Amino acid sequence: MDEEVKALLEEDNDVQEVNDETKSDNLASFIGSLDKKRKRTVYEDINSLDKPKKQLKEHAEVFEESEYNLTTRESPNVKKKVDLQDLIGSIQEETGFSKLKQKLVSLESGGNKGTYQEPLPAPLPTRIQDKLNRQAAYEETKKDITKWEPIVKQNREADHLKFPMNDQPSHNPTNNVLAATFQPSTELEKKVDSILVESGVKEKSLQQYEELQMSKLSVEEVENRVKELRKMRELVFREEIKARRIAKIKSKAYRKIRKKEKEKNKLDLKQLAELDPKLAREEQLILEATRAQERMTLRHKNTSKWAKQALKHGRHDPESRQAIVEQLQRHEELKRKIHDLETDEELSDFTSENSDDEKDDDINAIKEKAFDELAQLDQKEAAQEEEMKGLFGMKFMHDAMERDKNRTRGIIDDFVEDLENEKFNEENTKKDENKEAKKSTIVHVGNNIGRMIFGAGSKKSVSEHEINIKKLSKSTFEPKSSLEDISEKSKIDSTSSIPAESMKINYSLETNSEEEVNPWLQIDSSKIISSSKKNNKGIVKENNKSDKIVSKLKKQKDKDKSQDGIEIDVSKVLTISSAQITGATNSDEKSENDSETFDVETNFVHVKNPTAFSQRELVARAFANDNVVEEFEKEKQAIIEEDEPKEQDLTLPGWARVKKHKKKKLILAKPLPGGIEASKRKDAKLDHVIINEKRVKKAKKYLATNIPHPFETREQYERSLRTPLGTEWNTQEVFHKMITPRIITKMGTVIDPLNVPFQTNDLDDK
Amino acid sequence: MTKELDIIDKTVAKKIPKYVRPTEGKLGSKQFKKIKDKKLKGKLERIEKVSKEAANKAARSELLLTEEPGYLEVEGIEKTFNITQKQLKDNVDEDSTKKIFDLKLTNFGPYSLDYTRNGRHMVIGGQKGHISSFDWVGNKLNCEIYVKETVRDVKWLHNELFFAVAQKKYVFIYDHNGLEVHRLKKHIEVNKLEFLPYHFLLASVGNSGWLKYQDTSTGQLVAELRTKLGCCNAMAQNPWNAIMHLGHSNGTVTLWSPNMSTPLVKMLTHKGPVKAVAVDHTGKYMATSGLDGQLKLWDIRTYKPLQQYYTRSPASSLTISQLGLLGVGWGPHVTIWKDAFLKKQQSPYMNHLQAGTQVRDIQFCPFDDALGLGHSDGVSSIIIPGSGEPNLDSLEANPYQSKKQRQEAEVHSLLDKVQPEMIVLDPTFIGKVDRASKDLLKKELKEEQEAQLAGKGKLVPKNKMRGKSSSLKRYLRKKQKNVIDEQKLMIQQRLEQEREARKKRTVDDNEDKDRPKALERFSNKKRKS
């Protein structure tokens with residue numbers, strides 16, 4: 001215990017330099033005394049062991065002997081101190097007093113049974129205690145503070161800090177929130193509210209009503225209802241999943257089987273007729289209508305998206321080929337149906353129920369529609385022919401299609417003929433008056449007297465004719481497109497293209513006059529003149545040539561005109577071009593060196609060409625006496641010498657001359673600040689330039705003498721300056737960002753300390 | 001959608017380098033690693049980020065420049081230089097045809113001319129004394145005066161309200177009504193005038209070879225620099241750094257700032273006298289023409305020649321448009337060269353012949369596709385497609401400026417006036433670290449301090465000891481003591497008299513005590529007694 005205290009104290013002494021001398025002295029004496037005490041006792045013990053027993057001196061008691069005045073002094077052999085044992089020793093021996101004995105035992109062992117505890121040590125000096133407390137507290141607070149580190153770092157690194165920091169943005173309540181918390185405040189609102197309440201349209205009351213209704217039902221009923229609902233939902237859900245699964249199946253075989261199954265499941269019409277004739281009729285009608293529609297919409301032809309795809313890609317796929325074949329078959333079937341409309345037993349049976357007139361009308365309508373459709377088909381085909389590209393655009397495909405088309409056309413023709421015949425017969429039987437009128441509409445097909453088309457067919461024939469013509473044009477006139485183009489262009493350009501035309505003519509002229517000398521090449525002036533003369537001759541010749549060309553062009557144009565009936569004002573073009581030409585010739589006549597040669601003369605000539613330099617040489621000779629270059633060099637040399645670093649002469653008159661001083665190395669000159677060596681000059685490698693190396697003293701005030709604090713190198717500092725801040729050099733956005741202060745405070749608001757961003761159990765406990 | 005964005009990003013990325021400010025030294029990841037101070041590192045990183053963003057945004061904002069410059073384009077074998085103004089006039093729109101005109105002023109030629117910075121107004125000066133300023137777009141005459149003496153050059157000041165005219169002897173400043181506002185007596189026999197709009201400096205150079213800078217906002221004569229190279233007839237300003245380029249008769253071109261008594265750079269450009277100088281508005285290129293028949297193009301960042309052409313007759317006038325077209329006036333011709341600084345051109349872009357005249361001065365009109373030429377028969381304007389900047393910054397130079405805007409712009413430009421001390425070769429020097437050696441800096445500091453000390457000694461008011469050294473006494477003091485002559489006696493007598501008089505004055509003051517004073521009657525006489 002003593003040692004601990006001592007150590008602490010020593011440590012304390014070490015750490016804290018106590019200036020107070022007396023205090024330290026006291027402490028030292030105290031420690032010394034402690035040591036002494038201990039030493040003495042040990043020493044005595046040893047003494048007592050080693051030395052022979054001494055005669056004890058008689059102690060003269062100073063105090064009166066009494067039971068209240070017992071001596072506590074101890075000696076090695078006499079233990080004078082009264083012990084508890086001394087007092088209660090007698091009790092132990094005796095029986096009885098068991099309770100008392102127990103109490104005494106417990107008392108003897110210091111409260112606790114069986115264990116003996118030393119008495120509490122004396123408290124540490126308050127100074128040390130405080131220090132320890134502080135240390136502990138420091139550790140604790142350190143832990144707490146470290147929790148703040150990330151947020152502090154974040155704030156330090158942030159570009160801008162806006163206070164109050166934890167300001168929550170005022171949020172606008174949604175409509176629902178407003179509606180839920182709405183309380184009528186004004187008169188009107190109250191009135192409206194009361195009306196709503198009265199009429200029972202208020203949402204709350206409605207809800208309540210529903211709840212009331214439910215409450216009227218018995219518990220079982222409600223339960224049943226819920227169950228039912230659940231069941232339904234479950235079923236719907238399952239069905240949905242199933243449907244989704246089935247819809248995902250891509251197998252065609254499966255689809256086919258399924259379709260067949262469906263059809264099988266369907267009731268036959270006959271069966272249906274037996275069961276429910278009315279429904280059967282309706283069904284029949286629907287079927288009829290869909291069939292007609294199908295026919296009309298050409299579902300059965302190869303025009304659908306699928307069919308196109310199949311034709312394009314699926315020719316090698318047996319399945320899809322089969323499908324195509326099937327489709328074609330269907331097509332045939334349908335056609336046959338139309339063809340044998342009359343003989344179709346089923347239909348006749350079915351339609352026999354209707355009146356005759358109606359039947360006739362229906363048939364007529366269908367026929368007419370069919371004709372129309374055919375006509376449309378033809379047109380479409382015609383249109384398609386031009387559009388075909390890719391594989392279909394190839395020749396063999398064309399041929400095959402042509403063959404196909406011919407065949408189908410034959411079929412169509414037969415069909416049309418039949419129809420017409422039918423119509424004809426009918427009309428013969430019914431109305432003879434119209435006969436002559438109808439005859440006028442008869443048209444011979446393709447110069448064949450045997451083939452005739454009536455009525456609506458005539459239109460078709462016309463269209464066919466057109467197609468034929470087109471085909472002809474395609475086959476015979478390869479340049480059909482060009483012809484057309486010409487005609488179109490001429491139509492468009494007839495007015496506006498005059499300059500363009502003239503340009504063209506010019507172009508041709510220019511192409512002819514290509515032998516003309518390029519004005520940007522260097523030529524001697526004498527040469528130029530001669531060449532210009534030549535040019536003039538050439539131009540005259542070319543004029544003739546150009547005339548010829550123009551006449552040729554004119555002829556060609558005339559031809560075009562006669563061919564296509566295009567209107568071109570060639571005369572205008574001619575006038576312009578001729579005017580230009582005449583102008584040129586006139587000027588030529590006027591002066592040889594003008595206009596045409598002008599270009600050559602007017603423009604600069606390149607230095608590098610060595611042929612054309614008589615003028616330059618002349619100029620050079622003219623300035624030969626001005627030895628400008630030498631003067632410049634001299635001047636530069638003088639400036640270089642002037643700018644070279646200078647030395648201060650430190651010699652004193654007469655001093656350095658003395659012989660004995662010469663042996664020592666004397667500093668006779670000191671370099672003066674400023675100046676620049678010849679090799680380090682900016683213009684060292686530029687012979688024709690003298691760059692001033694003097695310092696601009698007036699501009700010195702705009703320079704920094706040192707690198708400002710946070711920066712370590714000049715580059716860093718100058719880099720920080722390089723981006724200008726002003727609006728003139730930045731976009732508005734960047735400018736505002738750059739000039740925003742790091743810390744922004746809102747005026748009139750209290751800036752609270754930061755919110756604690758972590759759990760604060762420890763702090764709260766404290 | 002994303003593809004489009006990608007394309008946009010790519011196009012923007014191409015433009016970014018244009019907006020990145022150049023600096024010396026690198027600051028890459030390697031350099032960053034060396035920095036130990038975390039705070040500094042963070043700061044530098046932030047700076048880099050901001051500058052990068054600024055460049056990016058600037059490139060992006062180019063999207064707002066909706067107008068694109070267009071040039072003459074021809075098909076096939078046709079050449080642009082064969083297209084005449086007449087042809088152009090026939091084919092351009094009604095509004096543009098107004099830009100082609102001819103002012104026949106045969107009596108007062110040859111003319112020099114100048115456009116205002118926004119290209120709206122024009123001032124012309126005929127050598128025989130005719131001055132006129134007008135709104136050439138709106139066809140409104142501002143003023144027309146006849147000064148009856150030689151007019152050598154005309155120049156607009158900061159806006160269309162004032163212009164300077166170099167006349168026979170002095171330079172005069174006139175206002176928009178043609179009223180003479182100032183006579184600049186220090187500018188004598190001036191040949192060429194230039195105006196630095198950001199510094200409000202009017203620079204002049206003339207027969208005597210003195211380059212003078214006058215501040216037109218304060219009226220001060222900022223600098224008078226002696227070129228020592230004789231008569232000067234060619235001057236151009238570098239709009240990037242406000243340096244003046246002078247062309248001299250010994251074939252050199254010198255670069256001047258008002259802060260240095262010697263030229264900053266002296267270049268030997270021609271073997272004969274320099275006839276004309278022009279600097280492009282980016283401050284990168286210079287064109288010079290000399291009497292030796294050369295037209296030379298220079299890179300003034302490196303002072304190296306880029307190209308040289310040979311002219312049949314020496315070019316009398318050079319000008320460079322906002323989009324970098326080089327105009328050359330020689331004899332009766334004007335030739336326009338496109339991309340002349342980038343590579344050697346085989347043929348010019350456009351040609352114009354002002355038949356029967358001598359071209360004196362040519363100027364491209366800013367923000368317009370027009371070129372004005374002053375010649376011996378008056379002034380003409382021709383169309384040069386693709387010469388003017390199509391996108392204008394209305395805060396910088398606004399051709400459609402209203403009166404109020406002009407006033408405001410004037411105030412703003414005065415507030416933003418750049419001091420003449422800032423004119424150096426590299427205008428980005430401001431704020432940078434002085435790179436002179438430490439010894440030199442120390443020496444300069446010492447000199448400065450000494451100068452200051454010396455200055456302070458002068459400023460301390462002297463104890464003049466009035467009366468101690470009057471002229472008479474001084475005379476006696478300076479004269480030999482033992483020589484007594486008549487004059488000395490006389491002076492001694494005078495001095496004695498003065499002394500007597502002084503004594504008497506003081507005595508008189510004492511006598512005044514008995515005289516009653518104004519407030520004495522209120523004092524307690526008894527107490528006094």
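Per chain, residue numbering runs from 1 following the sequence as it is written. Chain letters and ligand numbers both follow the written order, the letters beginning at A and the numbers at 1. Given that this is a predicted model, residues contribute local features only at a pLDDT of at least 70 and side-chain atom pairs are listed and counted only at 80 or more, while totals for whole chains, interfaces and linings are drawn from all residues. As a rule here, side-chain values cover all heavy atoms of the structure and leave hydrogens and water aside.

> Tell me what's going on with the confidence of the model for chain A, and back it up with residues and numbers.
Residue and element names in this part refer to chain A. The predictor attaches a confidence to each residue, and that confidence, scored 0 to 100, is pLDDT. When pLDDT is averaged across chain A, the result is 68; 50% of the residues are at 70 or more. Secondary structure is summarised from DSSP: a helix means a run of H or I of at least four residues, a strand means a run of E of at least two, and numbering begins at the N terminus for each. Predicted confidence in chain A is weakest over helix α24 (residues 595–602), with a mean pLDDT of 39, and strongest over strand β7 (residues 689–691), with 94. By definition in these notes, contact holds between two residues if any of their heavy atoms fall within 4.5 Å. Confidence drops under a pLDDT of 50 for residues 342–358, and excluding neighbours within four residues, the segment shows 8 contacts in the predicted structure. Every residue in residues 432–441 scores below 50 in pLDDT, and together they form 7 contacts with partners more than four places removed in sequence or on other chains.

> Tell me what's going on with the sheet that holds strand β23 (residues 326–330) of chain B, and back it up with residues and numbers.
Each strand in a sheet pairs with another by means of backbone hydrogen bonds, the pair being arranged parallel or else antiparallel. Residue and element names in this part refer to chain B. Two strands pair if DSSP finds at least two bridges between them. Reading across the sheet, the 4 strands line up as β22-β23-β24-β25 and stay open at both edges, with antiparallel pairing between neighbours. On the outer flanks of this sheet lie β22 (317–320) and β25 (350–353), each paired with one strand and no other. Across the sheet, the mean angle separating the axes of adjacent strands is 15 degrees when strand polarity is ignored. One ladder, built from 4 bridges, connects β22 with β23; its direction is antiparallel. Comment: axis = line fitted to C-alpha atoms, over the contacting stretch for helices; angle = value between 0 and 180 degrees taken between N-to-C directions.

> Before we move on, can you summarise the pairing of strand β21 (residues 304–310) of chain B with the specific residues and values?
All names here are of chain B. Examined bridge by bridge, strand β20 (residues 294–299) and β21 share 6 bridges and lie antiparallel to one another. When the bridges of β21 are listed, D299 appears paired with K304. Between β20 and β21, which pair antiparallel and follow one another directly, the connecting turn spans 4 residues, one of which, Y303, has a positive phi of 60 degrees.

> So what about a positive patch on the surface? Which residues, and what values?
All names here are of chain B. The residues that make up patches have over 30% relative accessible area and no salt bridge, and they are joined within 9 Å when like-charged or within 5 Å when they are Val, Leu, Ile, Met, Phe, Trp or Tyr. To be clear on the numbers: accessible area is Shrake-Rupley with a 1.4 Å probe, and residue cover counts the displayed protein chains and nothing else. Any Lys or Arg side-chain nitrogen located within 4 Å of an Asp or Glu carboxyl oxygen qualifies as a salt bridge. Only four residue types enter the tally: Lys and Arg on the positive side, Asp and Glu on the negative side; His and the chain ends are excluded. By convention, the charge on Lys lies at NZ, on Arg at CZ, on Asp at CG and on Glu at CD. On the surface, K473, R474, R477, K478, K481, R502 and R505 cluster together into a positively charged patch. Mapped onto the positive patch, the elements with two or more residues apiece are α8 (471–478) and α9 (486–511). A per-element tally of the positive patch places α8 first, with 4 residues. Of note, K473 is situated in helix α8. For K473, a relative accessible area of 30% gives the class partly exposed. Each residue is placed in one exposure class: buried if its accessible area under a 1.4 Å probe, protein chains only, is under 20% of its type's maximum, exposed if it is over 50%, and partly exposed if it falls in between.

> How would you explain the sheet that holds strand β7 (residues 162–167) of chain B if you had to name every residue and give the values?
All names here are of chain B. On the basis of which strands lie adjacent, the open sheet formed by 4 strands has the order β6-β7-β8-β9 and antiparallel pairing. A single partner strand is all that each edge strand has here, and the edge strands are β6 (151–156) and β9 (180–184). Between one strand axis and the next, the sheet turns through 20 degrees on average, direction left out of account.

> So, unusual backbone geometry: which residues are in play, and what are the values?
Geometrically, the link from F163(A) to P164(A) is a cis peptide bond, its omega value of -5 degrees lying close to zero. Here P164(A) shows up in the loop between β1 (161–163) and α6 (175–180). Here the amide bond leading from G109(B) into P110(B) is cis, since omega sits at -10 degrees, within 30 degrees of zero. Secondary-structure assignment places P110(B) in the loop between β1 (101–104) and β2 (111–115). Positive phi, normally seen in glycine, also occurs at A242(B), with a value near 60 degrees.

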